[in-house]
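# Working through the structure, step by step
This is what each chain is made of:
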Amino acid sequence: MNIKRNDARSGAQPGQHPAAPAGAPPGGGPGAPTNASAESAVASNFIRNIIDDDNRSGKWGQRVETRFPPEPNGYLHIGHAKSICVNFGIARDYGGVCHLRFDDTNPEKEDVEYVNSIIDAVRWLGFDWQKDGREHLYFASDYYDKLYAFAELLIQRGKAYVDSQSAEQMRATRGTLIEPGTPSPYRDRTPEENLALFRRMKAGEFAEGAHVLRAKIDMASPNINMRDPVIYRIRFAHHYRTGDAWCVYPMYDYTHCICDALENITHSLCTLEFEDHRPLYDWFLAELADAGVFTRPLPQQIEFSRLNLTYVITSKRKLLQLVEGKHVDGWDDPRMPTIVGLRRRGFTPESIRLMCERTGLTKVNSWIDFGLLEAALREDLDERAPRAIAVLDPLKLIVDNYPQDSEEICSAPVHPHHPERGTRTFPFSRELWIEREDFNENPPKGYFRLFPGNRVRLRYGFVVECTGVDKDDHGNIVAVHCHYFTDSKSGTEGSNHYKVKGNIHWVSAAHAYRAEVRLYDRLFKEPQPDAGGRDFLEALNPDAKRVVTAYLEPGAQQFLPEDRAQFERHGYFVADRVDSVPGQPVFNRIVSLRDSWGKSA
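The name recorded for the protein in an unreviewed UniProt entry is Glutamine--tRNA ligase, from Mycetohabitans endofungorum. We quote the UniProt Sequence similarities (unreviewed entry) comment for the protein here in full: "Belongs to the class-I aminoacyl-tRNA synthetase family." Under the UniProt heading Subcellular location (unreviewed entry), the note attached to the protein is "Cytoplasm".

Structure, rendered in structure tokens:
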């Protein structure tokens, strides 16, 4: 069985980083050469150095093929985003291709729902798996026949055997970091015995756990992964793609290296937890190459540090606990670190790619402050997001000397730094909504907003002077009264005659769009919620979600799902992609204008 390679595919020339193809996302991968600092990162990117050396030597004929191999047993999270950016970004920058391959060898936990969500997430981040009109979308289950045939070949060559010990017995004889393992009493079965047993396993003659197929390597190896690892086990479970055709399923360490070779992967890029598994990766491929299955050179596994963000949990088990325990509102809850959650929160794919680029690639695991992602998000949104006014904690302001049934139009720039984007307009009327914190009946020193006898400017509108308040029976302020100065409207010549220190936001009560606004913040109040083995649920932030009824300038009613804007003074917001409908958007706060966590940390 001989799988031939085609090494004549086009790619980067030695030492050369090809430009991204037309339409490729900016900053699509760590080290993408977008500016001077990024170019410096490219020079120090050890993975790129390896690829450059390979291209100079002609090892792969100038070809670069990577792969992103998620298991479809859950939703991707922010940690996966870095692997996506690394694998797809590097392949793109070298004119190659990254394969999207689903490692679907665990039938009990996998589902087409997760397959679809992963495909959507990778595309949303700005990547695809096409090259020269060919789609490189694969499933490990596509290779079940070949994987099984290769296992029989290893048995015939004396490199694998059927072990009939229980799982507990195998654990007990595996050894420790300082003590070698003990060979199985079944290790010396003949190839004929092993082959017959393995075929009976495949035929469904044995119960789960009765037998496993193990690679025959070295029970005394200092690397525990090399101590005769299990490569096949019995599972009577319905597979979402192959149905009940199989009752033996291959293990990940056996499967993914062979899939890499079958797909002609050149550089198998993965995170550091797989570093100790690399000798096993190489062993399987070398044995199959010696058997004539594959031709050299063989795929090369290269490890890089994973993305560890503060204030985030990425354990699938713990994320599932959050969902099933109703601590969040599902996998796409905007507080979740899942890609679907980040998207619903309003994060942009550009900001995630930019953060991944800035964290770079190293061989040392470290913690990255969540503020770096938020900073990349603010940087991206500041340029693109139109502005709007929103009053989140409304207090009525009555302009007593403005005619009862009158109104007039005020205007403001769509974006203060881009006059070419035009202006937006909204009405001024007798009754307005202002922020409750913009009025103080007994102001402290240095308070320049509204209080009795003080003047402020209503942003984009008139200068007003506070004349009094209305209170309810409990002494709570329910309305503030003021007079306005008719010649003080912003943008008119008369406005220059008024010098005030305070400038507050407002919307017309009669014209404002009344909307549900969800104020999201970090899900955890501790940088490392599960540090030291503590219960991560104890670190949940009780203020991670607040829902308010807000009043917005009328134009905000036209925002469509996933439209983003800066609500002046409050931060960046997005029309929720699930609950918004045309004409009735519901808004999520994406991020505040400034990092308040950095000061309190």
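Moving on from the coordinates now.
Taking 1.5 Å of rise per residue, 15 residues should cover 21 Å, and helix H13 (residues 370-384) covers 22 Å from first to last C-alpha, within 8% of that figure. Every buried residue of H13 is listed here: Phe370, Gly371, Leu373, Glu374, Ala376, Leu377, Arg378, Asp380 and Leu381. The distance from a side-chain oxygen at the start of H13 to the backbone nitrogen of Gly371 is 2.6 Å, and the residue carrying that oxygen is Asp369.

Attention now goes to the domain arrangement of the protein. Partitioning the protein into domains gives domain 1 (305-389 + 512-600) and domain 2 (390-504). Each of domain 1 and domain 2 has a C-alpha centre, and these two points are 31 Å apart. Counting residues at the interface gives 22 residues for domain 1, matched by 20 residues for domain 2. In total, domain 1 and domain 2 occlude about 1700 Å² of area from one another, counting both sides; carbon and sulfur atoms represent 51% of this. Applying the counting criterion to the domain 1 and domain 2 interface returns 5 salt bridges.

The next subject is the sheet that holds strand E8 (residues 230-234). Two pairing modes exist for strands in a sheet, parallel and antiparallel, and in both the strands are linked by backbone hydrogen bonds. Strands sit in the order E6-E7-E8-E9 across an open sheet of 4 strands; the sheet is antiparallel. Both outer strands of the open sheet, strand E6 (160-163) and strand E9 (248-250), are each paired with one neighbouring strand and no more. Put simply, the sheet's adjacent strands are angled 20° from each other on average, direction ignored. Relative to E8, strand E7 (residues 212-215) is paired through 3 bridges, and the arrangement is antiparallel. By the bridge assignment for E8, Val212 is matched with Arg233.

Quick look at the state of the cysteines now. Counted by the stated rule, this structure contains 0 disulfides. In this structure Cys85 is a free cysteine whose sulfur lies 4.0 Å from that of Cys356, the closest cysteine sulfur available. Its relative accessible area of 0% is what places Cys85 among the buried residues. A relative accessible area of 0% places Cys356 in the buried class.

What follows concerns the packing of helix H3 (residues 78-93) against helix H12 (residues 349-359). A pair of packed helices can be characterised by two numbers: the angle between their axes and the separation between those axes. Between H3 and H12, whose axes approach to 10 Å, the crossing angle comes to 75°. Compared by their axis directions, H3 and H12 come out roughly perpendicular. Across the interface between the two elements, Ile78, Ala81, Lys82 and Cys85 from H3 touch Ile352, Arg353, Met355, Cys356 and Thr359 from H12. Residues belonging to the contact of H3 with H12 are distributed by class as follows: 6 nonpolar, 1 polar and 2 charged.

What counts as what
- Residues numbered from 1 in each chain as written.
- Predicted model: local features only at pLDDT ≥ 70, side-chain atom pairs only at ≥ 80, totals over all residues.
- Heavy atoms only, no water.
- UniProt positions renumbered as here; feature names shortened; annotations may be inferred.
- Helix = DSSP H or I, 4+ residues; strand = E, 2+ residues; numbered from the N terminus.
- Expected span 1.5 Å × (residues − 1).
- Buried < 20%, exposed > 50% of the residue type's maximum accessible area, 1.4 Å probe, protein only.
- Polar contact = N/O pair within 3.5 Å; in protein donor to acceptor, adjacent residues only side chain to side chain.
- Domains from an automatic or database assignment.
- Contact = heavy atoms within 4.5 Å.
- Buried area = accessible area lost by both parts, 1.4 Å probe.
- Salt bridge = Lys/Arg side-chain N within 4 Å of Asp/Glu carboxyl O.
- Pairing = 2+ DSSP bridges.
- Axes fitted to C-alpha atoms, helices over the stretch in contact; angles between N-to-C directions.
- Disulfide = S-S within 2.5 Å.
- Parallel < 35°, antiparallel > 145°, perpendicular 65-115°, else oblique.
- Nonpolar A, V, L, I, M, F, W, Y, C, P; charged D, E, K, R; others polar.

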